[in-house]
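Listed here are the chains, written in short residue letters.
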Amino acid sequence: MRQNIARSRFDAISDGVFAIAMTIMVLEIKTPKLGDSSADAIEHYLKTTLPTLVTFAVSFILLAAMWVSHSSLPSGREHVSRKVAMANFHFLFFICIVPFSTALLNDVNFHIISVLVFEGALIAAMLLLSRLRYQMLVHEQVPEEYLRTQRRQVALWAGIVFVGVLVSLVGVFWNPAVYSGYAIVSLSAIVFRSGRGNKLGDVPGPPGRHA
């Protein structure tokens, strides 16, 4: 038993990291100090602030989707292995990078390098979450057929985001492509995570399994 970690501690540290990452992003949104309450001043402020609000909203939704998926991980046992716990920390590290990469996007106005940093952090987090899910499914001793289905879904998503990164790289020659690649990677992550998270409660397990 000394080789295992209580599931309650596993969930507590994960929830804490997600909460802090989301809070840090909120702190990036500054309260307005217009000095002038005219309609023109308000309109100018909203126009200059809108990109920050949009990137914040996208990153917040991405974190929310990954939290939902993480909270839906198989929970048939009261403990997780140390291997699973370390895989979770690898995933959480890149969750911590999301606020940084989001702020970088805003500070340099979607420069292609900042977009690639954001996409890299997001893709790493997603792949590590998939790895974590797979290790927990193995820990839960689910049927091999279900594992194969999970691997195919991850491969499909990886193909989509690869296309998104390539589109972003076209931004070196054509700037609008940067925004298109950002949208492809972000939206595919949201759809992929939320779509798979809903099925995890129905993961089949071996008969007679005990916590």
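Residues numbered from 1 in each chain as written. Predicted model: local features only at pLDDT ≥ 70, side-chain atom pairs only at ≥ 80, totals over all residues. Heavy atoms only, no water.

## Notes on the UniProt feature "transmembrane region" (unreviewed entry) in the protein
Applied cut-off: UniProt positions are given in the numbering used here, feature names are shortened, and annotations may be inferred rather than shown by experiment. Strands here mean DSSP runs of E at least two residues long; helices mean DSSP runs of H or I at least four residues long; both are numbered from the N terminus.
Within this numbering scheme, the UniProt entry marks residues 12-29, 49-68, 89-106, 112-134 and 154-173 as carrying the feature "transmembrane region" (unreviewed entry). Its end C-alpha atoms 27 Å apart, residues 12-29 is made of 89% helix and 0% strand. Annotated as residues 49-68, this span is 100% helix and 0% strand, and its ends, taken at the C-alpha atoms, are 29 Å apart.

## Quick look at helix 5 (residues 144-169)
Side chains that are three or four residues apart share a direction in an α-helix, a result of its 3.6 residues per turn. Put simply, the rule reads: Given a helix with a known number of residues, its expected span is that number minus one, times 1.5 Å. Three exposure classes are used, based on accessible area relative to the maximum for each residue type with a 1.4 Å probe and protein chains only: buried under 20%, partly exposed in between, and exposed over 50%.
Its 26 residues place the ends of helix 5 38 Å apart at the C-alpha level, agreeing with the 38 Å of an ideal helix rising 1.5 Å per residue. Tyr146, Leu147, Gln150, Val154, Trp157, Val161, Gly164 and Ser168 are the residues of helix 5 that are buried.

## A word on the packing of aromatic side chains
This is how it is decided: Any pair of Phe, Tyr and Trp rings, taking the six-membered ring for Trp, is counted once the centres come within 6.5 Å. Such a pair is stacked with planes under 30 degrees apart, edge-to-face with planes over 60 apart, and tilted for the rest.
For the structure on display, the rule yields six aromatic pairs. On the numbers, 5.1 Å between centres and 85° between planes, the contact of phenylalanine 110 with tyrosine 182 is edge-to-face. Residue phenylalanine 110 is found in the loop between helix 3 (82-107) and helix 4 (112-139), and its partner tyrosine 182 is found in helix 6 (residues 176-197); the two are separated by 72 residues along the sequence. Both residues of the pair, phenylalanine 110 and tyrosine 182, belong to the buried class. An aromatic cluster is defined as three or more aromatic residues linked by ring pairs; in this entry it consists of Phe110, Phe118, Tyr179 and Tyr182.

## Re helix 3
Using the following cut-off: Bend, in this description, refers to the angle at a residue between axes fitted to the seven residues ending there and the seven starting there.
Over its 26 residues, helix 3 runs 39 Å from end to end, which matches the ideal 38 Å to within 8%, given 1.5 Å per residue. Where helix 3 bends most, at isoleucine 97, the angle is about 30°, and the proline proline 99 comes one to four residues later. The positive-phi residue at the C-terminal boundary of helix 3 is asparagine 109, with phi of around 55°.

## Re the pattern of salt bridges
Convention followed: Any Lys or Arg side-chain nitrogen found within 4 Å of a carboxyl oxygen on Asp or Glu counts as a salt bridge.
Counting across every chain of the model gives two salt bridges. For arginine 7, the salt bridge is made with aspartate 11, and the minimal N-O distance between the two is 3.1 Å. One end of the pair is arginine 7 and the other is aspartate 11, both in helix 1 (residues 7-27) and four residues apart, which spans about a single turn. By relative accessible area, aspartate 11 is classed as partly exposed at 26%. Here arginine 151 ties to glutamate 144 by a salt bridge, and the two come within 2.9 Å at their closest N and O atoms.

## Quick notes on the environment of glutamate 78
On the secondary structure map, glutamate 78 appears in the loop between helix 2 (39-71) and strand 2 (79-81). We classify glutamate 78 as exposed; its relative accessible area is 54%.

## Description of a nonpolar patch on the surface
In plain terms, the rule: Exposure above 30% relative accessible area and no salt bridge define the residues that can form patches, which grow by joining like charges within 9 Å and nonpolar side chains of Val, Leu, Ile, Met, Phe, Trp and Tyr within 5 Å. We get accessible surface area from the Shrake-Rupley algorithm with a probe of 1.4 Å; when it comes to residues, only the shown protein chains can shield them.
Taken together, Ile29, Leu50, Leu53 and Val54 make up a surface patch of nonpolar side chains, about 300 Å² in accessible area. For valine 54, the location among the structural elements is in helix 2. Take valine 54: its relative accessible area is 43%, and that puts it in the partly exposed class.

## Structural notes on the environment of alanine 121
Formally: The criterion used for residue contact is that any of the two residues' heavy atoms lie within 4.5 Å.
Within the fold, alanine 121 resides in helix 4. Once residues within four sequence positions are removed from consideration, alanine 121 is found in contact with Phe94, Ile97 and Ser101.

## Considering the packing of helix 3 against helix 4
Here is the rule: Axis definition: a line fit to C-alpha positions, over the contact stretch in the case of helices; interaxial angles, taken between N-to-C directions, run 0 to 180 degrees. For classification purposes, angles smaller than 35 degrees are called roughly parallel, those larger than 145 roughly antiparallel, those between 65 and 115 roughly perpendicular, and all remaining angles oblique. What makes a crossing left-handed is the near helix being turned counterclockwise from the far one by less than a right angle; a clockwise turn instead makes it right-handed. Amino acids are sorted into nonpolar (Ala, Val, Leu, Ile, Met, Phe, Trp, Tyr, Cys and Pro), charged (Asp, Glu, Lys and Arg) and polar (every other residue, Gly among them).
Put simply, helix 3 and helix 4 touch, their axes get as near as 8 Å, and they point 160° apart. The angle between the axes of helix 3 and helix 4 places the two elements in the roughly antiparallel class. Remark: the crossing between helix 3 and helix 4 carries left-handed chirality. Here the residues of the contact of helix 3 with helix 4 are counted per class, giving 19 nonpolar, six polar and two charged.

## Let's talk about the packing of helix 2 against helix 4
At their nearest, the axes of helix 2 and helix 4 sit 11 Å apart, and the two run at 10° to each other. In terms of axis orientation, helix 2 runs roughly parallel to helix 4. Residues Ser59, Leu62, Met66, Ser69 and His70 of helix 2 touch helix 4, and the partners they reach there are Phe118, Leu122, Ala125, Met126, Leu129, Leu132 and Arg133. For the contact of helix 2 with helix 4, the residue count by class is eight nonpolar, three polar and one charged.

## Some remarks on the environment of methionine 22
Position of methionine 22 among the secondary structure elements: in helix 1. Looking at methionine 22, the relative accessible area reads 17%, which means it is buried. As for methionine 22 and alanine 64, which are separated by 42 residues in sequence, their C-alpha atoms are 8.8 Å apart. Sequence-distant contacts of methionine 22, defined by excluding residues within four places in its chain, comprise Phe60, Leu63 and Ala64.

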